[in-house]
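# Residue-level structure breakdown
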Number of protein chains: 2
Amino acid sequence: MNSAPVGIFDSGIGGLTVARAIYDRLPQESTIYFGDTARVPYGPKSPETVTRYSREILHWLLSQGVKAVVIACNTSTAHALDALQAESPVPVLGVIEPGARAAGKVTSGGPVGVIGTAGTIASNAYARAINRRRPDVRVEQRACPLFVPLVEEGWFEHPAAELIAAEYLAPLRAANVDALVLGCTHYRLLKPLLQRVMGPVVDLIDSAEETAIALEKTLRRQGLESPLGGASEHRFVVSDDEPRFRQVGSRFIGERLGKAEVVALG
Amino acid sequence: MNSAPVGIFDSGIGGLTVARAIYDRLPQESTIYFGDTARVPYGPKSPETVTRYSREILHWLLSQGVKAVVIACNTSTAHALDALQAESPVPVLGVIEPGARAAGKVTSGGPVGVIGTAGTIASNAYARAINRRRPDVRVEQRACPLFVPLVEEGWFEHPAAELIAAEYLAPLRAANVDALVLGCTHYRLLKPLLQRVMGPVVDLIDSAEETAIALEKTLRRQGLESPLGGASEHRFVVSDDEPRFRQVGSRFIGERLGKAEVVALG
C-alpha cells in the first residue's frame, strides 16, 4: 500500500480526459496533473524537443513524490516513453499501448484505423504497437490537425466539424476499417460525431479508459495502491495561462476546475 | 547608407507573409527571418511569456548585427512592442500600428472590424491603436482560433473554411463594418474567402504591405537604407522542426524555401 499521488502529464489540457477516466476507475488515488500549457502543442514539434520537455516534467513530478507516472499525451508517449521508462525509478505508462491492445482485441481482422496529431501519426507508434500484437492486421492512419482547435472551440457538433470529419475520415471509411483508435486525448469529446461519420458498426477505441485499466493493474502488481476508502486529492499544475486552463479544462474533465498552480519549467 | 540586414521575427511561419511584402517593396534589403517554431503558437500564451520569448529573439537578432527589427507577429507586437522598443539600440516596428493607421484612413466612420488570435484580440491592442487616431470610430473585434490551422492545412477554399468564416464573421457583418483588419499574418492567405463572406464593399486591410511601407520610411528617415542595386540575402532561422517550416512556409512566401538554420533559444 502506498498513498503517494500518481503523476499525470500532457502538453496541455487534453490529458484531462485521461485524468477523468483515472478518477472514475481509481477514486482512492490522489493525483498531480501537469499541463505544459506554456509549450503546447507538442504535435508539430520534433521528437528531440518533445523528449526534452517530457523529461523535465518527469523530473518535476518525481520531485513531488509521485509513485507512478501516466503520460496522458499521445505525442509524448510516441516520442518519449522509452526514454522516460529507462530513467524513472517509478513505473511510467503511456496511452498508446493500452489503445493498441484494445484495438488488437476488438478487430475481427482489420484494417484498423488510427487518427491523431501530425506528430503522433508521423511517429507510426500506433501501427507498430498494433502490429506487435497482430502482425496480420493492416493499419490505416490519418493526421487530423483541425480536430484539436475544433474541440477547444467547443464545436463538437458544428456543421463545419461534420464537414472536416467527413473529409479526414473518408480514406478510413473507404478502407472499411472495423475499429478506429482515437489517438489523441482531445478526440474523446468528438466521439458522437466521429461515430456518426464512421457508422454504427465501427468500434471507436478511446484510450483514456484503457489507460486507467492499465494503471490499475500496474499499481496492484507492484503493491502501490492507495488504501480503499481513504481521502484522495487532485492537484492541477500548469506552466502558463491558468485562467484558460480552468475555462477550457472544465469541459474536458466534466466538472468545474479549481485554481491551478503555475510552475515554469525549462 | 547601411547594408546590414533587417531582422524579422514571428512565433512561426505566419510572419513570412510580412517578409514577402518586405522583399517586394525593398528588394535591396537583406533580411534574417527568425521563426520560433519550437514555441509556436504565441496566441494562447500569457503576455509575460510572450514578452520573455520576444526579448530572447530580439537579443539573438541583435547579436547577428541587424540594423532594424520587424515584429511580424500580432501577438508579440500586442504584448512586447513597448518592452522591445525600450531596450533595443535599433528601431523596432510592429504590425499593429501600420494596420491600425490604414484602417483609420479607409474607414468612412466605422465601425471597423478586427479579427485575430485569442491573444491579440484579448490584448485590445488594435482597438487602442485605431482609437488613438480616430476616437470616434467603434471597433468590433472577434477572435478566430480556427483560421490558423485551416491556413496551415492549406484549406483556403474548403467548404468547412467557408462555414467557419461565416460563423466567425457574422457579428461583424451584422455590425455593418466598413473595413476589416486582418490582425493575424496567416489570414492574408484567406483573403479571397474573407472578402467573399464580408461582401465587396468592405475594405480588407492586410498589415503586411502597410508594415513594409512603415519599414521603408523608418530606414529612410534614419539613413539606414541599403544601397540600391546591391545584392541582398535572405537567411531563415527556426528554433525547431525545420522540414515542416520549409514545406508549409513555401506556401506563405510564394516560392520554394531553401534550408533553414536551427538555433535553440531559452
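Residues numbered from 1 in each chain as written. Chains lettered and ligands numbered in written order. Predicted model: local features only at pLDDT ≥ 70, side-chain atom pairs only at ≥ 80, totals over all residues. Heavy atoms only, no water.

### Considerations on the overall build of chain A
Within chain A one finds 11 helices and 10 strands. The C-alpha radius of gyration of chain A comes to 18 Å, within 12% of the 18 Å expected for a compact globule of 266 residues. Based on the C-alpha atoms only, the size of chain A along its principal axes is roughly 50 × 40 × 40 Å. Residue burial in chain A is summarised as follows: out of 266 residues, 61% are buried. (Helix = DSSP H or I, 4+ residues; strand = E, 2+ residues; numbered from the N terminus. Rg over C-alpha atoms; globule rule 2.2 N^0.38 Å. Buried < 20%, exposed > 50% of the residue type's maximum accessible area, 1.4 Å probe, protein only.)

### Notes on the interface of chain B and chain A
Counting from both sides, the interface comprises 26 residues of chain B and, opposite them, 26 residues of chain A. Each partner contributes to the roughly 2,100 Å² buried at the junction of chain B and chain A, and carbon and sulfur atoms together form 63% of this total. At the junction of chain B with chain A, the criterion picks out zero salt bridges. Applying the counting rule to chain B against chain A returns 10 residue pairs in polar contact (both at pLDDT 80 or more). For the side of chain B that touches chain A, the element with the most residues is helix 8 (residues 159-174) of chain B, which contributes six residues. Taken together, the residues of the side of chain B that touches chain A sort by class into 15 nonpolar, four polar and seven charged. (Contact = heavy atoms within 4.5 Å. Buried area = accessible area lost by both parts, 1.4 Å probe. Salt bridge = Lys/Arg side-chain N within 4 Å of Asp/Glu carboxyl O. Polar contact = N/O pair within 3.5 Å; in protein donor to acceptor, adjacent residues only side chain to side chain. Nonpolar A, V, L, I, M, F, W, Y, C, P; charged D, E, K, R; others polar.)

### Examining the packing of aromatic side chains
Applying the stated criterion across every chain, the model contains 14 aromatic pairs over all chains. For the ring pair A:Tyr168 and B:Trp155, a centre distance of 5.4 Å and an interplane angle of 40° mean the geometry is tilted. Within this pair, whereas A:Tyr168 is found in helix 8 (residues 159-174), its partner B:Trp155 is found in the loop between helix 7 (147-153) and helix 8, the two belonging to separate chains. Given the relative accessible area of 11%, B:Trp155 is considered buried. Here the aromatic rings of B:Tyr33 and B:Phe245 are separated by 6.1 Å at their centres, their planes lie at 35°, and the arrangement is tilted. Of this pair, B:Tyr33 sits in strand 2 (residues 31-35) while B:Phe245 sits in helix 11 (residues 242-253), and the two are 212 residues apart along the sequence. Given a relative accessible area of 0%, B:Tyr33 falls into the buried group. (Phe/Tyr/Trp six-rings, centres within 6.5 Å; stacked < 30°, edge-to-face > 60°.)

### Comments concerning the nonpolar core
Grouped together as the largest cluster of nonpolar side chains are 117 residues, with contacts concentrated most on A:Ile115, A:Phe147, A:Leu194, B:Ile115, B:Phe147 and B:Leu194. When residues no more than four places from it in sequence are discounted, the contact partners of A:Phe147 are A:Ile115, A:Ile164, A:Ala165, A:Tyr168, A:Tyr187, A:Leu190 and A:Leu194. (Core = buried A, V, L, I, M, F, W, Y, C linked by side-chain atoms within 4.5 Å.)

### Things to note about the relation of the copies chain B and chain A
The operation linking the two copies of the chain is a rotation about an axis combined with a translation along the axis. Structural alignment of chain B on chain A gives an RMSD of 0.0 Å, achieved by rotating through 180° and translating 0.0 Å along the axis. Both copies of the chain, as the preceding transformation shows, are related through a two-fold rotation axis. Considering only C-alpha atoms, the part of chain B nearest the rotation axis is B:Ala160, at 2.4 Å. In this assembly, 100% of the residues forming the interface of chain B have copies in chain A that are likewise at the interface, indicating an isologous arrangement. (Least-squares fit on C-alpha atoms with pLDDT ≥ 70 in both.)

### A look at the side chain of A:Lys67
Considering the arrangement of structural elements, one finds A:Lys67 in the loop between helix 2 (47-63) and strand 3 (68-71). Here the side chain of A:Lys67 touches A:Glu29 through a polar contact of 2.6 Å, side chain to side chain.

### Quick notes on the pairing of strand 1 (residues 6-10) of chain A
Residue and element names in this part refer to chain A. Where burial is concerned, most of strand 1 is hidden: five out of the five residues are buried. Across five bridges, the pairing between strand 1 and strand 2 (residues 31-35) is parallel. Bridged to Phe9 within strand 2 is Phe34. Traced from strand 1 through helix 1 (residues 16-25) to strand 2, the parallel crossover comes out right-handed. Bridge count between strand 1 and strand 3: four bridges; the pairing is parallel. (Pairing = 2+ DSSP bridges. Right-handed = clockwise from strand over helix to strand, strands pointing away.)

### A few points about unusual backbone geometry
All names here are of chain A. The omega angle of the peptide bond from Val40 to Pro41 is -5°, so this bond is cis rather than trans. Summarising the element assignment, Pro41 is placed in the loop between strand 2 and helix 2. Although it is not a glycine, Asn176 adopts a positive phi angle of roughly 60°. Along the chain, the position of Asn176 falls in the loop between helix 8 and strand 7 (179-182).

### Remarks on the state of the cysteines
Residue and element names in this part refer to chain B. Evaluation of the coordinates by the stated rule reveals zero disulfides over all chains. Between Cys184, a cysteine without a disulfide, and Cys73, which holds the nearest cysteine sulfur, the sulfur-to-sulfur distance is 8.1 Å. Judged by its relative accessible area of 8%, Cys184 is buried. (Disulfide = S-S within 2.5 Å.)

### Looking at the sheet that holds strand 4 (residues 92-93) of chain B
Residue and element names in this part refer to chain B. Spatially, the six strands line up as an open sheet ordered 4-3-1-2-9-10, and their pairing is parallel. The sheet terminates laterally at strand 4 and strand 10 (261-262), the two strands that pair on one side only. Across five bridges, strand 2 lies against strand 9 (residues 234-238) in parallel orientation. Note that in strand 9 the partner of Phe34 across the bridge is Val237.

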